[in-house]
2 protein chains.
Amino acid sequence: MKLREFAKQLGLSPTTVSRALSGYPEVSEATRARVASEAMRLGYRPDINAVRLKTGRAGAIGVMMARSGEIHFAEFMSGMAQRLETADTDILITPITAHNDDDEMQAYRRLVESRRVDAVIIHSPRPKDPRIELLNSLGLPFLVHGRSETEHVHAWLDIDNENAVRRATEHLLDLGHRRIAMVNGLRGKTYSIHREHGFRIAHQERGFVVDPNLMVCDKFSDESGFRHARSFLESANAPTAIVAGSTMTALGVYRAVRSLGMTVGQDVSVIAHDDVFPYLTAENMAPSLSTTRSSMRAAGTRCAELTLQLIAGRAVDEVHELWPVELILRESTAPPP
Amino acid sequence: MKLREFAKQLGLSPTTVSRALSGYPEVSEATRARVASEAMRLGYRPDINAVRLKTGRAGAIGVMMARSGEIHFAEFMSGMAQRLETADTDILITPITAHNDDDEMQAYRRLVESRRVDAVIIHSPRPKDPRIELLNSLGLPFLVHGRSETEHVHAWLDIDNENAVRRATEHLLDLGHRRIAMVNGLRGKTYSIHREHGFRIAHQERGFVVDPNLMVCDKFSDESGFRHARSFLESANAPTAIVAGSTMTALGVYRAVRSLGMTVGQDVSVIAHDDVFPYLTAENMAPSLSTTRSSMRAAGTRCAELTLQLIAGRAVDEVHELWPVELILRESTAPPP
DNA sequence: ACCAAAATTGAAACCGATTTCAATTTTTGC
DNA sequence: GCAAAAATTGAAATCGGTTTCAATTTTGGT
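Residues numbered from 1 in each chain as written. Chains lettered and ligands numbered in written order. Predicted model: local features only at pLDDT ≥ 70, side-chain atom pairs only at ≥ 80, totals over all residues.

What follows deals with the domain arrangement of chain A. Residues and elements named next belong to chain A. Partitioning chain A into structural domains gives domain 1 (3-55), domain 2 (60-159 + 297-323) and domain 3 (161-294). One C-alpha centre belongs to domain 2, the other to domain 3, and the line joining them spans 29 Å. Every contact between the two is made by 13 residues of domain 2 and, on the other side, 13 residues of domain 3. In terms of residue class, the side of domain 2 that touches domain 3 is made up of five nonpolar, four polar and four charged. (Domains from an automatic or database assignment. Contact = placed C-beta atoms within 7 Å. Nonpolar A, V, L, I, M, F, W, Y, C, P; charged D, E, K, R; others polar.)

Right, dumping it as structure tokens:
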């Protein structure tokens, strides 16, 4: 049903109907109520494409999705969806050909030029991230989930990775561990750098030295956790504790420890960062896994909210949120044997 | 940059430029080439909202996302994205308030009435799924990922769940197992029903009887795998093999077996369905996990393709694909002790 | 060289809403 | 009771493309 038709049935002009539905103040309460109830009854709803053309709003937030199946993705999206449900705003997924910066840049250009989205959210930035400069120059509002060190001002929401790993490491040091290994995230990402920082600071602060041989970067997966932990534990001077980048990584680490006939929480302590996935709970692992915890879903919800604010015109330099991370101690961390 | 402006710079009419870019045959090759290269150079791209208004196409495929973090979601989406990258079609996520059919129905209505999508993909249907009837009556093209038994004709792509579990079960029976438990997916979903069918058929065919106490339905998660496996294994007449619904479930099952001092692949055999996640590989589990395997990502890619065909007008009753499932035997299945 | 047919281009209508500006009705103040 | 102000409504322009239909140019056959 079109506006013309609908308005005619009500005996009103399209103008009035449009105003009634959009909540303009110039329409009488009686009329508005009638229009609203009739719209519901007859199932009239403005053609979103016409609205967008006229208003210049795309009514959507873009999210770039790397081809490599990001495990966090679903949770984050789900959180976003929760907030956007009532905002009449869609989420637009744009696929990115993996590992190719140029393609991603091109995708952003396309998004802006064709007016497909009002804003985008970008993930896993690097310290000097070319996307940030590009989006700035294109004038498309954007929120960074994570942080960057570029001089271009940008809105961001990040968790306090440095502090999280710092506290986790301090905890291990306080338990008496002196050789601690770290299976970090992807090399070059800001979050990996921050985590490494936290790891180093904790050592320095207590006067210990980090062994570079005990630090490695890789993607978050069961497989990489296993491989690196195994390699650490088999080396000459094996660590007594391991800091893992994610619960998936921790799964692999657990497996590696067991495969060598050792026990997590006795022979080797393990602590990991937990993004809180409904299908894999740190609490339920055996032994239960000590973690630094921050809900990916909550981040998605908040990022959606902040992005809506940016679209509404909130100043970019006001939008910075650093989320503290909980430290939750369970059975997987204990004094060294 | 707008069409008017761009056309003026080329010394052509908007008409010709539009035709050149949309690949109409009436424009000379020379002109088309010039328009295309200038569009690239100057960064002109039609305002997608204007195009959509005029053509009546939304340029997007909708996917309903349940609030409960579906683990398969990201992989499927990623597969879709891969196909749609070159189709100038977006993916639109619509959040659904969990466990509420009415809300979901309302969301579909909204989608159709506001012309937001050209088609939708629905997941995890039930045998009598009200969504299918609704979408049929609304006239919105849709593809079902999974199957339903409703009399309303619909396009679908599904994997052969029945056969997968049947072969998995036959394999266990052939190894000599006589008490086999099954941790199935959510009750009421067609795929769970098909899997149960496969499980029963395998037994019947060889003249064995299924013990209803050894069958349970639940969501796919590490936690549910643990809980049910543990409960099975602690019961009076414990099973010697377990069929798990997903690799996540299998993780929990492994844990349960270990927690009772038993060994997977010796005391208890385990086999699971594997949707192929990049962060959790059946091959790498300890012991490596026997699976029925079918790539969720590939399904996403194919579903996107089929949906595009539906939008292009392909007959709904032609679009039915049943994918066979590989059976991959590894260390987790062996004869009973 | 000429005319019919084919190829190419452009003017203007249109998609379905929003919003400006003007017109009309109602309310208010005295 | 009347003028001025406020509230309410509507006509028409507009967003930025696509597509119909008509006009013009080019090509081909004799």
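Right, let's talk about the protein's contact with DNA strand C for a bit. Not every one of the 25 residues close to DNA strand C is listed here, only the nearest: Lys2, Leu3, Ser18 and Pro46 of chain A together with Ser13 of chain B. For the surface near DNA strand C, the secondary-structure elements that each account for two or more residues are helix 2 (14-22) and helix 4 (48-55) of chain A together with helix 2 (14-22) and helix 4 (48-55) of chain B. Residues belonging to the surface near DNA strand C are distributed by class as follows: 10 nonpolar, nine polar and six charged. (Near = placed C-beta within 6 Å. Helix = DSSP H or I, 4+ residues; strand = E, 2+ residues; numbered from the N terminus.)

Right, let's get into unusual backbone geometry. Residue and element names in this part refer to chain A. Residues Ala286 and Pro287 are joined by a peptide bond in cis, for which omega reads -5°. Despite not being glycine, Asp88 has its phi angle at roughly 50°, a positive value. Here Asp88 lies in the loop between helix 5 (73-84) and strand 2 (90-96).

We now examine the pairing of strand 6 (residues 180-184) of chain A. Residues and elements named next belong to chain A. Of all five residues in strand 6, five are buried, a share of seventy percent or more. Here strand 6 shows two buried faces, one formed by Ile180, Met182 and Asn184 and the other by Ala181 and Val183. Pairing geometry for strand 6 and strand 8 (residues 241-244), over four bridges, is parallel. Looking at strand 8, one finds that Ile180 is bridged to Ala241. Relative to strand 7 (residues 215-217), strand 6 runs parallel, the two sharing three bridges. (Buried ≥ 20, exposed ≤ 12 C-beta atoms within 10 Å, placed from the backbone. Pairing = 2+ DSSP bridges.)

Counting residues at the interface gives 52 residues for chain A, matched by 51 residues for chain B. Within the residue set of the side of chain A that touches chain B, elements represented by two or more residues are helix 4, helix 5, strand 2, helix 6 (101-113), helix 10 (222-234) and helix 11 (247-259) of chain A. Considering each element in turn, the side of chain A that touches chain B owes the most residues, eight residues, to helix 5 of chain A.

As a further point, take the relation of the copies chain A and chain B. Once chain A has been moved 0.0 Å along the axis and rotated by 180°, it coincides with chain B to within an RMSD of 0.1 Å. Both copies of the chain, as the preceding transformation shows, are related through a two-fold rotation axis. The fraction of interface residues of chain A whose copies in chain B are also interface residues reaches 98%, indicating that both copies meet through the same surface. (Least-squares fit on C-alpha atoms with pLDDT ≥ 70 in both.)

A separate point is the pairing of strand 5 (residues 155-159) of chain B. Taken residue by residue, a regular strand's side chains alternate between the two faces of the sheet. All names here are of chain B. Among the five residues in strand 5, five count as buried, and that is most of the element. Covered by surrounding structure in strand 5 are Ala155, Leu157 and Ile159 together with Trp156 and Asp158, the residues of both alternating faces. Relative to strand 5, strand 4 (residues 142-145) runs parallel, the two being bridged by three bridges. Within strand 5, the residue paired with Leu143 across the bridge is Ala155. Bridge analysis of strand 5 against strand 11 (residues 320-323) gives four bridges, and the strand direction is parallel. Paired with Trp156 across the two strands is His320, which belongs to strand 11.

What follows deals with the sheet that holds strand 12 (residues 326-328) of chain A. Residues and elements named next belong to chain A. Strands sit in the order 7-6-8-9-10-12 across an open sheet of six strands; the sheet is mixed. The open sheet terminates on both sides in strands that have one partner only, identified here as strand 7 and strand 12. Mean inter-strand twist for the sheet, computed between neighbouring axes without regard to direction, equals 15°. In terms of strand pairing, strand 8 meets strand 9 (residues 269-274) through four bridges, oriented parallel. When the sheet's bridge partners are listed, Val243 is paired in strand 9 with Ile271. Contacting strand 6, strand 7 and strand 8, helix 10 crosses the sheet at an angle of about 155° to strand 6. On the sheet, helix 11 packs against strand 6, strand 8 and strand 9 and is oriented at approximately 160° with respect to strand 9. (Axes fitted to C-alpha atoms, helices over the stretch in contact; angles between N-to-C directions.)

A few words now on the packing of helix 6 of chain A against helix 7 (residues 130-138) of chain A. Residue and element names in this part refer to chain A. Where helix 6 meets helix 7, the closest approach of the two axes is 11 Å, and the angle between their N-to-C directions is 20°. It follows from the interaxial angle that helix 6 and helix 7 lie roughly parallel. Remark: the crossing between helix 6 and helix 7 carries right-handed chirality. On the side of helix 6, the interface is formed by Asp101, Glu104, Met105, Tyr108 and Val112, while helix 7 contributes Pro130, Arg131, Leu134, Leu135 and Leu138. (Parallel < 35°, antiparallel > 145°, perpendicular 65-115°, else oblique. Left-handed = near helix turned anticlockwise from the far one by under 90°.)

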